[in-house]
Amino acid sequence: MAKLYWQTVGEGKQDLVLLHGWGLNAQVWQTIIPRIASHFRVHLVDLPGYGRSQGFSPMNIQSMANILWEQAPKNAIWLGWSLGGLVASRIALDHPYEVKGLITVASSPCFKAEENGWAGIRPEVLLGFEQQLSADFHRTVERFLALQTLGTESARNDAKTLKSVVLEQPIPTVETLNAGLESLRTEDLREELKLLPIPFLRIYGYLDGLVPRKIVPILDELYPNSPSVIVRNSAHAPFISHPDEFCEYLLDFQSRIEE
């Protein structure tokens, strides 16, 4: 029977749900847990089909959001990284009066690059990953992880950290990973998020090749009530390369929504 992996740690009063990205699992947050555990009650979740949440059929963003919400604390802050940012955004849009705030990290409401100048991942790159997964699972995942740390001073160590997170837990099926890539290729929440009535913080990496920084001013204009932060010298995983700076932004967000 399919069961969602859900672990709660920390002594804080404010619930904070952390959602990981494509191919990974909740272990990816271990670098920041010691820094925030006294401030939050942290909920570590493996998305359906990932890590220890085995037995689920491949899902789209809406289906994952629905399953997570069944087990979720109300009035939590939801933080989603990359693909997890789409899931967290979907939950905030579906339950705006039962979510305290939304934080997206190295995420985009639309990951796919468009001919109109919208910066993102080229559709053929995502399709290429889908085709390569069946042929060489481990090499394809490693390539994707390497892309996430490219350009940072700590790139080698950061990629090593991400790889260990994947290998230490059960590996998602090719079908689950392909469903995630399909979501990255097709999901578009740009218009819906204009109407989000809750506090919304966006954190980006200056060197991120998957969610390029050039979309930040566009989204700043699209969401004038949503502040954005660009972590200098960071790529797609700022919470790994710059954990102290990253946690400062979380605590600042918490203090502002409690004022």
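Residues numbered from 1 in each chain as written. Predicted model: local features only at pLDDT ≥ 70, side-chain atom pairs only at ≥ 80, totals over all residues. Heavy atoms only, no water.

1. Examining the sheet that holds strand β3 (residues 40–45)
One open sheet accounts for 7 strands, arranged β1-β3-β2-β4-β5-β6-β7; its pairing is mixed. The sheet terminates laterally at β1 (6–9) and β7 (228–231), the two strands that pair on one side only. The sheet shows a mean angle of 20 degrees between the axes of neighbouring strands, taken without regard to direction. Where strand β4 (residues 76–81) and strand β5 (residues 99–105) come together, 6 bridges link them in parallel fashion. Directly across from Trp-78, in β5, lies its bridge partner Leu-102. Each of β2 (14–19), β3, β4, β5, β6 (200–205) and β7 touches helix α11 (residues 243–258); the most contacted strand, β5, lies at about 155 degrees to it. (Pairing = 2+ DSSP bridges. Helix = DSSP H or I, 4+ residues; strand = E, 2+ residues; numbered from the N terminus. Axes fitted to C-alpha atoms, helices over the stretch in contact; angles between N-to-C directions. Contact = heavy atoms within 4.5 Å.)

2. So, the nonpolar core
Counting 88 residues, the largest nonpolar core has Trp-29, Leu-68, Trp-78, Trp-81 and Phe-239 as the members making the most contacts within it. It is helix α3 (residues 83–94) that provides the largest number of residues to this core, a total of 7 residues. Aside from chain neighbours lying at most four places away, what touches Trp-78 is Trp-6, Val-17, Leu-19, Leu-68, Trp-69, Ala-72, Ala-88, Ile-91, Val-99, Gly-101, Leu-102 and Ile-103. (Core = buried A, V, L, I, M, F, W, Y, C linked by side-chain atoms within 4.5 Å. Buried < 20%, exposed > 50% of the residue type's maximum accessible area, 1.4 Å probe, protein only.)

3. A word on the UniProt feature "active site" (unreviewed entry) in the chain
Here the UniProt feature "active site" (unreviewed entry) sits at Ser-82, Asp-208 and His-236. The greatest C-alpha distance among the residues just named is 11.0 Å, despite their covering 155 residues of sequence, which places them together in space. Non-local contacts of Ser-82, meaning those with residues more than four positions away in its chain, are made with Gly-21, Val-105, Ala-106, Ser-107, Phe-111 and His-236. Structurally, the position occupied by Asp-208 is in the loop between β6 and α9 (215–222). Under the relative-accessibility criterion, Asp-208 is labelled buried at 5%. When neighbours within four sequence positions are excluded, Asp-208 is seen to be in contact with Ala-106, Ser-234, Ala-235 and His-236. Of the polar contacts made by the side chain of Asp-208, one reaches the backbone nitrogen of Leu-210; its length is 2.8 Å. (UniProt positions renumbered as here; feature names shortened; annotations may be inferred. Polar contact = N/O pair within 3.5 Å; in protein donor to acceptor, adjacent residues only side chain to side chain.)

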